[in-house]
Amino acid sequence: MIEPTVTLPPTRVRRRPPPRPRDTVRWPVLAVVFVCAACGLVYELELVALASYLIGDSVTQASVVLSVMVFAMGLGSLLAKRLRCRAAVGFGLVEGALALIGGTSALVLYACFAWFGESRWVLVAFSLAIGVLIGAEIPLLMSLIQRAPGRSVGTGRSGRAGDPDDAAGTVADLFAADYVGALVGGLAFPFLLLPWLGQLTGALVTGAVNAVAGAVLVLWLFRRDLTARTRALVVGVNVAVLGVLATATVLVDDFEEAARRAVYGERVRVAVHTDLQEVVVTGGREGPPDLYLDGRLRVAGADEYRYHEALVHPAMNGPRARVLIVGGGDGLAAREVLRYGDVRSVTVVELDPGVVRLARTDPALAALNGQAFRDPRVRVVHADAFNWLRGTAEHVQERYDVLISDLPDPGITHSTKLYAQEFYGLAARVLGDGGRLVVHAGPATDRPRTYWTADATLRAAGYSTRPYSTEGRAPGFAAGPDRADRDSGTRHDPDDWGFLLAVRGARPPVLGLAADAPPLRSLARRDLAAAARRAERTRIAGLPPSTLVHPRYCD
């Protein structure tokens, strides 16, 4: 029996769209990895730079940021496993969160410092959050690529049997793009973003670039992996992030002005960003000005004479025709030196031309330094003092009688190398016979280990020293590395300045004032013996010297 033929109705076969060519996927993915890696390193460097500015001790801040961030990247890679089933939406949201947190990190860190006085824990929190998000990027991209047929981003060659996506080639290309992006981000931060945009705007612009790159990749290249709801979520989150970043960019100048008033008070007279630091002058029209460098009070106009008289005049007891001042861009040490009529030349080696320019042109600062930079005997050299001494030592025709080191406290700025044994060795080569070197070595009572490390360093360089300190620091004079300590009351202001007078050889210098010393407001001959005893009471014996490769100013 023949069965009747049954004709079935035709069925529509739903065909999947052809896979994208490999190169069509490969290059956009690598480009986004490149951009995201550059943005990630900018966030990292921005945290290090701003923390060094706000807190001080750049070595410690860099160590904290880098170690926490690397640890967090590993943590983020592990947490990304939970998003593998939704890798596309996960990557889009991760990039949005990273753009928001990284882009606003500088603003939030500066705001906490300005209004609350504490920024250390905020720094750690941002390092942790940014590291977790950066660590999740590559695993999510790898998950997307491995699950997408025909979307290999490997070398473009067909993989072996059983290995269609060429995982090894994919990993190699992703990490290559990641490392090259990090290189570009690392170079763009100091040479483009900081000079052109500054820390706050630079971070915001970086966040916007990060958000756009991540959203475009997910919404274009991996849109088939998104549902309508998840696509709307990714779009909404990234649009909101871009809106926040754009608003913050528009208001950043107002924010910076308000934060500056919170930090320095209402009497900000001048605020400029030089190529090296932020310089702020505060004070009323009638009162003496205060000078801040990178948020630290460098000159308190009300009592700066106590510091500069104690720094300069004991070193001027003897031959003094030629004087070299290292630092001293405010002109106040030069003012004291120029009070001696037999001084023939004064050379000031100052790294930042902006400080000298302000000391020359600002009426209050120029009045405070007695128009020192207009004196024809003064010559200003804008250079790194270490490199300048190294290049000058062999060619100097007439050696200096006095070298005055007018620098911030050792251990809290990049000038730590100017407290190293090698620097003092270079200084000895430009000093004449019997030439005297005086060093501001920080507060002897508050930081005795730092002070006596400077003494040990001078001795290791072949000097004999005479320690002394002077009291009289006015309340509120800040020399510490973090304003948070002062505002919270956890740290008292140092109540003295410590100095070291040194000469080459085994015989210590005489601590005294010249017979023809000008009238002084805070220093008398009878005070110097007490100043030496005050410093000796804090002595810590047996400390090793500080060198370039082993700096020891850490307290």
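I'm lost on the environment of H308 in this one. Help?
Along the chain, H308 turns up in helix α7 (residues 304–312). C-alpha separation for the pair H308 and H440, spaced 132 residues apart in sequence, amounts to 9.9 Å. Apart from the residues lying within four places of it in its own chain, the contact partners of H308 are D330, L332, A333, R335, E336 and D406.

I keep staring at the packing of helix α11 (residues 385–392) against helix α12 (residues 421–430) and nothing clicks. Help me out?
In a pair of packed helices, the angle between the axes and the distance between the axes together describe the arrangement. For the pair α11 and α12, interaxial distance at closest approach is 9 Å and the crossing angle is 45°. By the angle between their directions, the pair α11 and α12 is classed as oblique. Relative to α12, α11 is oriented so that their crossing is left-handed. Packed against α11, whose contacting residues are A385, F386, L389 and R390, the element α12 presents E422, F423, L426, A427 and V430 at the interface. Across the contact of α11 with α12, the residue classes break down as seven nonpolar, no polar and two charged.

Help me understand the packing of aromatic side chains in this model?
The relation between two aromatic rings is expressed through the spacing of the ring centres and the mutual angle of the planes. The full count for this structure, using the stated rule, is 13 aromatic pairs. Measuring from ring centre to ring centre gives 5.9 Å for Y419 and Y553, while their planes differ by 70°; the resulting arrangement is edge-to-face. Of this pair, Y419 sits in the loop between β8 (400–406) and α12 while Y553 sits in the segment after α15 (525–536), placing them 134 residues apart in sequence. Residue Y553 is classed as buried on the basis of its relative accessible area, which comes to 7%. Through successive ring pairs, a cluster of aromatic residues spans Y110, F113, W115 and F255. One Lys or Arg, R322, reaches over the ring of Y400 and ends 4.4 Å from the middle of that ring.

For this particular structure, what's the right way to read the side chain of D352?
By the element assignment, D352 lies in the loop between β6 (345–350) and α9 (353–361). Although D352 lies buried, it forms no salt bridge, and the closest oppositely charged side chain, R357, sits 6.3 Å away as judged by the N-O distance. A polar contact of 2.7 Å, which involves the side chain of D352, links it to the side chain of T274. Within the structure, the side chain of D352 is placed 2.8 Å from the side chain of Q277, a separation counted as a polar contact. The contact partners of D352, leaving out residues within four places of it in the chain, are T274, L276, Q277 and H382.

Cut-offs used in this document
Residues numbered from 1 in each chain as written. Predicted model: local features only at pLDDT ≥ 70, side-chain atom pairs only at ≥ 80, totals over all residues. Heavy atoms only, no water. Helix = DSSP H or I, 4+ residues; strand = E, 2+ residues; numbered from the N terminus. Contact = heavy atoms within 4.5 Å. Axes fitted to C-alpha atoms, helices over the stretch in contact; angles between N-to-C directions. Parallel < 35°, antiparallel > 145°, perpendicular 65-115°, else oblique. Left-handed = near helix turned anticlockwise from the far one by under 90°. Nonpolar A, V, L, I, M, F, W, Y, C, P; charged D, E, K, R; others polar. Phe/Tyr/Trp six-rings, centres within 6.5 Å; stacked < 30°, edge-to-face > 60°. Buried < 20%, exposed > 50% of the residue type's maximum accessible area, 1.4 Å probe, protein only. Lys NZ or Arg CZ within 6 Å of the ring centre and 35° of its normal. Lys, Arg positive; Asp, Glu negative; His and termini not counted. Salt bridge = Lys/Arg side-chain N within 4 Å of Asp/Glu carboxyl O. Polar contact = N/O pair within 3.5 Å; in protein donor to acceptor, adjacent residues only side chain to side chain.

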